[in-house]
Amino acid sequence: MNRIASLAMTAAPLLLAALVALPTQAAMQWKWRDAQGQVQYSDRPPPPGVLDKDILKRPSGSARATQALPSAPEAAPSAAPLPGLKASDPALEARKRKADAEKEATQKAEEAKQAKTRSENCERARSYQRTLDSGMRVARTSASGEREVLDDKGRAEEDARNRDVIKSNCK
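Things to note about the sheet that holds strand 3 (residues 55-57)
The three strands are arranged 2-1-3 in an open sheet whose pairing can be described as antiparallel. Each edge of the sheet is formed by a strand with only one pairing partner; in this case those strands are strand 2 (39-42) and strand 3. With strand direction ignored, the average angle separating the axes of adjacent strands in the sheet is 30°. With four bridges joining them, strand 1 (residues 30-33) and strand 2 adopt antiparallel strand pairing.

Here you go:
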């Protein structure tokens, strides 16, 4: 029995030290000063409007963004990083640059495609305008599929419409 008692006596301080080393509920709390200057305590991070300088205590080993829990609907996240966080992850930055480059390349390709279409429409409209200006008879197919020759009024309407097309496509 003596041996057990002495073992318990030596193990007790070690057990007590281990219990003290465990994080307590108080160590897991945030402490910050709100807009009115009052000190607030919570197990959740302060609201997004609280500046880093007003955060008086953080849970050990925590970052503001990693502790954020969805408790209430918040504003849409912005592209700007949260204060106090560093965007130093090289892999994340490389992926972002790659996505931006791909987006820019897609946008340039689309713009080039639109420019080519406008150029083709411009050339077609100018060719048709030369035909209208030449005085030759111009015929078109009606909605019913019949061929009809443009009279002076129809020619003037077609001329005005074609000039609008040239104006919008030829720059």
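Quick look at helix 2 (residues 90-134)
An ideal rise of 1.5 Å per residue puts 66 Å on 45 residues; helix 2 measures up with 65 Å between its terminal C-alpha atoms. Its buried side turned inward, helix 2 meets helix 3 (152-169). Of the residues flanking the end of helix 2, it is G135, one or two places downstream, whose phi is positive at about 90°.

Some words on the state of the cysteines
What the rule picks out here adds up to one disulfide. Shown here is the disulfide that connects C122 with C170, its sulfur atoms set 1.8 Å apart. Measuring the twist about the S-S bond at about 115°, one finds the C122-C170 disulfide to be right-handed. Within this pair, whereas C122 is found in helix 2, its partner C170 is found in the segment after helix 3, the two being separated by 48 residues in sequence. There is no split in this pair, since C122 and C170 are both buried.

So, how was this worked out
- Residues numbered from 1 in each chain as written.
- Predicted model: local features only at pLDDT ≥ 70, side-chain atom pairs only at ≥ 80, totals over all residues.
- Heavy atoms only, no water.
- Pairing = 2+ DSSP bridges.
- Helix = DSSP H or I, 4+ residues; strand = E, 2+ residues; numbered from the N terminus.
- Axes fitted to C-alpha atoms, helices over the stretch in contact; angles between N-to-C directions.
- Expected span 1.5 Å × (residues − 1).
- Contact = heavy atoms within 4.5 Å.
- Disulfide = S-S within 2.5 Å.
- Buried < 20%, exposed > 50% of the residue type's maximum accessible area, 1.4 Å probe, protein only.

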